[in-house]
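# Architecture at a glance
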Amino acid sequence: MPKAQETILEIDLKALSHNFDHLKSKLNGNTKFLAVVKAYGYGSDACEIALHLQKLGVDYFAVAYVKEGVALRDAGITAPVLVLHPQPVNFKTLIEHCLEPSLYNAKVLSAFINAAEDANQKDYPVHIKFNTGLNRIGFWENDLDYLHTSLNNVKSVRIKSLFSHMAASEDLNEKDFTLAQIATFKNICDNFSKRFGYLPMLHMCNTSGILNFPEAHLDMVRSGIGLYGFGNSEKESQHLKPIATLKSVISQIHFIEKGETVGYNRAYKSEAFQKTATIPIGHADGIGRQYGNGKGFVTINGKRAAIIGNVCMDMIMVNITNIDCQEGDEVIVFGQQPTAEVFSKTANTISYEIITAISQRIKRVILK
Ligand SMILES: *Cc1c(COP(=O)(O)O)cnc(C)c1O
């Protein structure tokens, strides 16, 4: 592929196909696959990702907010779209775009029934979210009677699935906790079935749940990070390919004397004669200030160049004293090597955060 001439995020759809195939190979044939494409497809390009996965036959999509679902519909996504965390103010828009809400508490449930009735809906598909230990959003096990009373005679909506979310599926030290979550969810489903006389689709696994808890695959799994190439462990990540590569270029090279400083607040002071490069990417692009002052690094001609001084809004400066390079040369921030996981660790964070932080200002280049 051609060398970058500005800051770009390359998205490799072949790597996406690979990750999808790998994750699917973990499932039995009856388990459906929901692709999580919230937050711009984990910072990549939700519409391109979803269109590609729709072609590959994915069963379902999920986003966090209604606005994200509307963007998928506008791009031509016809598969069902679950909205994980909708707010009542957007229910009319949600219905107009045939998006399917997660209903997670009494307020949201009654607001949705009203919205569905206002829109003359019959059997509108909804998903009931249960809290089994994450303590984030969801009904509790003891809300089943309330749910039965509130929904049993309601014609405007139809429960399409029951679901829950794991708190620590990537952490095998917390295996007992996850097993308890699975048991609680199964119990909720049994009790639902007793009251309602049927069972809708059931799902609770995220990517690490898919990899670590096959007994919890149930009717569908919801994968985000795995599709984008990260397995939350070295072992699992080996089988996946990061789909996004963040590239930039050297805008300018400086030679600085011992004692000179670099960047805002004069945060870096040179201990010797040095060569620095200025790169057009900064905290407004998603490279937070925590990567500055020697923590983060970029790769130039295969060599590591540490970020020196404070990260600016639109630029970073890196130390290239021992690197043979010129203005205009390509710079890799993360991709296949080093991965976003490695890059994010330099600032004590996780792949999820750095990849979703890459701002919309950066051009996305899709490799088909
Ligand atoms: C974001 C999210 C997922 C995807 O999790 P990954 O760890 O990225 O696979 C699944 N389910 C819910 C409810 C989520 O919020």
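Just so you know, the residues in each chain are numbered from 1, in the order the chain's sequence is written. Predicted model: local features are reported for residues with pLDDT of at least 70 only, side-chain atom pairs are reported and counted for 80 or more only, and whole-chain, interface and lining totals are derived from all residues. Hydrogens and water molecules were not included; the side-chain quantities draw on all heavy atoms of the structure.

### Describing the domain arrangement of the protein
Bring the parts together and some accessible area is lost; that lost area is often taken as the interface size. Stated formally: An automatic or database domain assignment supplies the start and end points of every domain. What makes two residues a contact is simply this: any of their non-hydrogen atoms within 4.5 Å. Summed over both partners, the accessible surface that disappears when two parts come together, traced with a 1.4 Å probe, is what is meant by buried area. The salt bridge definition used is simple: a Lys or Arg side-chain nitrogen within 4 Å of an Asp or Glu carboxyl oxygen. Any N or O atom pair separated by 3.5 Å or less is treated as a polar contact, with the protein-specific requirement of one donor-capable and one acceptor-capable atom, and with residues adjacent in sequence counted only for side-chain atom pairs. Starting at the N terminus, helices and strands are each numbered in turn, a helix being any DSSP run of H or I of at least four residues and a strand any DSSP run of E of at least two. Gly counts as polar in this scheme, as do all residues outside two lists: the nonpolar Ala, Val, Leu, Ile, Met, Phe, Trp, Tyr, Cys and Pro, and the charged Asp, Glu, Lys and Arg.
By domain assignment, the protein separates into domain 1 (31–228) and domain 2 (244–367). When each unit is reduced to the centre of its C-alpha atoms, the spacing between domain 1 and domain 2 is 38 Å. Contact with domain 1, which involves nine residues of that partner, is made by eight residues of domain 2. Summed over both sides, the interface between domain 1 and domain 2 buries roughly 790 Å², with carbon and sulfur atoms accounting for 64% of that surface. Counting across the interface, domain 1 meets domain 2 through zero salt bridges. The interface formed by domain 1 and domain 2 holds two residue pairs in polar contact (both at pLDDT 80 or more) in total. Top element by residues in the side of domain 1 that touches domain 2 is helix H2 (residues 38–43). It accounts for four residues. Of the residues assigned to the side of domain 1 that touches domain 2, the class counts are five nonpolar, two polar and two charged.

### Digging into the site of the ligand
Using the following cut-off: Nearness here has a simple test: a residue counts as near a molecule or strand if at least one of its heavy atoms is within 4 Å of that partner. Points on a 1 Å grid over protein atoms alone make up a cavity when a 1.4 Å probe fits among them but cannot get out, and a pocket when they form an open set with protein on both sides within 12 Å along at least five of seven lines; lining residues each have an atom within 4 Å of a point. Any molecule with more than half of its atoms within 2 Å of a cavity's or pocket's grid points is regarded as sitting in that cavity or pocket.
Not every one of the 13 residues close to the ligand is listed here, only the nearest: Lys-38, Tyr-42, Thr-207, Ile-225 and Tyr-352. His-165 places a side-chain nitrogen or oxygen 3.5 Å from a nitrogen atom of the ligand. One can see that the ligand is located within the largest pocket. Elements that contribute at least two residues to the shell around the ligand include exactly H2 and strand E9 (220–223). Each residue belonging to the shell around the ligand can be placed in one class, and the counts come to five nonpolar, five polar and three charged.

### Some details on empty space enclosed by the protein
Stated precisely, the cut-off is as follows: Grid points are joined across faces, edges and corners, and a volume is the space filled by probe spheres set on the points.
Counted under the stated rule, the structure contains two cavities of 30 Å³ or more. Surrounding the largest cavity, Gly-41, Tyr-42, Ser-44, Tyr-228, Phe-230, Pro-242, Ile-243, Ala-244, Phe-334, Ala-340 and Ile-355 form its lining. Of the residues in the lining of the largest cavity, the class split is nine nonpolar, two polar and no charged. In terms of domain composition, the lining of the largest cavity takes at least three residues from each of domain 1 (31–228) and domain 2 (244–367).

### Structural notes on the sheet that holds strand E3 (residues 60–63)
Within a beta sheet, neighbouring strands are joined by backbone hydrogen bonds and run either parallel or antiparallel to one another. The condition that has to hold: Each pair of strands is called paired provided DSSP finds at least two bridges between the two strands. Convention adopted: a line fitted to C-alpha atoms gives each axis, helices being fitted over their contacting stretch, and angles between N-to-C directions are expressed from 0 to 180 degrees.
The strand order E2-E3-E4-E5-E6-E7-E8-E9 describes a closed barrel built from eight strands, whose pairing is parallel. Pairs of neighbouring strands in the sheet enclose a mean axial angle of 30 degrees, with direction left out of account. Here helix H8 (residues 175–196) sits on the sheet and contacts strand E6 (124–130), strand E7 (157–164) and strand E8 (201–205); the angle it forms with E7, its principal contact strand, is near 160 degrees.

### Structural notes on the packing of helix H1 (residues 13–24) against helix H3 (residues 46–56)
To be explicit about the condition: Throughout this description, any angle smaller than 35 degrees is read as roughly parallel, any larger than 145 degrees as roughly antiparallel, any in the 65 to 115 degree range as roughly perpendicular, and the remainder as oblique. Here is the rule for handedness: rotate from the far helix to the near one, and if that takes an anticlockwise turn smaller than a right angle the crossing is left-handed, while a clockwise turn gives right-handed.
At a closest axis distance of 11 Å, the pairing of H1 and H3 adopts a crossing angle of 50 degrees. One element, H1, and the other, H3, form an angle in the oblique class. Considering how the two elements wind past one another, H1 and H3 form a crossing that is right-handed. Only Glu-48, Ile-49, His-52, Leu-53 and Leu-56 of H3 make contact with H1, whose side of the interface consists of Leu-13, Leu-16, Ser-17 and Phe-20. Of the residues in the contact of H1 with H3, the class split is six nonpolar, two polar and one charged.

### Quick notes on the environment of Ser-156
The cut-off we apply is this: Think of it in three bands: with a 1.4 Å probe and only protein chains considered, a residue is buried below 20% of the maximum accessible area for its type, exposed above 50%, and partly exposed in between.
Mapping Ser-156 onto the fold places it in the loop between helix H7 (144–151) and E7. Under the relative-accessibility criterion, Ser-156 is labelled buried at 4%. If we ignore the near neighbours within four places in the chain, the residues touching Ser-156 are Ile-113, Ala-116, Glu-117, Gln-121, Lys-122, Asp-123 and Tyr-124.

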